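What follows is the residue order along each chain.
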Amino acid sequence: LSRSRTTVSFVQIGANDGVRFDPIRAFILRDRWTGLLVEPLPDYFAALQKNYEGCPALAFDRFLKR
C-alpha cells in the first residue's frame, strides 16, 4: 500500500505486541490508519496497548468469551 489520502480501516486478529512480526505497524503509525487490534493473550495484550499509546484511532479487544 502506498501513502494515499484515503483513510484505511482494518481489523488485525492476533495482533501480538504490535511490534514483533507486525506487517502493518509502519502503515498504522505513518499513515494514521484506524483499526481494531485483537490479542487474546494477556501479556501480549498489555504490551500491545502500551506500544500503541497515543494512537487514538485504534481500539483494542482481548476477544475472550466472557
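Residues numbered from 1 in each chain as written. Predicted model: local features only at pLDDT ≥ 70, side-chain atom pairs only at ≥ 80, totals over all residues. Heavy atoms only, no water.

(A) Expanded view of the nonpolar core. In terms of nonpolar packing, the biggest core is built from 10 residues, these being Phe10, Ala15, Ile24, Phe27, Ile28, Trp33, Leu37, Leu48, Tyr52 and Leu58. Setting aside residues no more than four positions away along its own chain, Tyr52 makes contact with Gly18, Asp22, Arg25, Ile28, Leu29, Leu37, Leu58 and Phe60. (Core = buried A, V, L, I, M, F, W, Y, C linked by side-chain atoms within 4.5 Å. Buried < 20%, exposed > 50% of the residue type's maximum accessible area, 1.4 Å probe, protein only. Contact = heavy atoms within 4.5 Å.)

(B) Structural context of the packing of aromatic side chains. For the structure on display, the rule yields 2 aromatic pairs. Taking the centre distance of 5.9 Å and the plane angle of 50° together, the rings of Phe10 and Trp33 count as tilted. One end of the pair, Phe10, is in strand 1 (residues 9–13); the other, Trp33, is in the loop between helix 1 (25–31) and strand 2 (34–38), with 23 residues separating them in the sequence. Judged by relative accessible area, which is 7%, Trp33 ranks as buried. On the numbers, 5.3 Å between centres and 10° between planes, the contact of Phe27 with Trp33 is stacked. One aromatic cluster is present, formed by Phe10, Phe27 and Trp33 through successive ring pairs. One residue, Arg25, lies across the ring of Tyr52, its end atom 4.9 Å from the ring centre. (Phe/Tyr/Trp six-rings, centres within 6.5 Å; stacked < 30°, edge-to-face > 60°. Helix = DSSP H or I, 4+ residues; strand = E, 2+ residues; numbered from the N terminus. Lys NZ or Arg CZ within 6 Å of the ring centre and 35° of its normal.)

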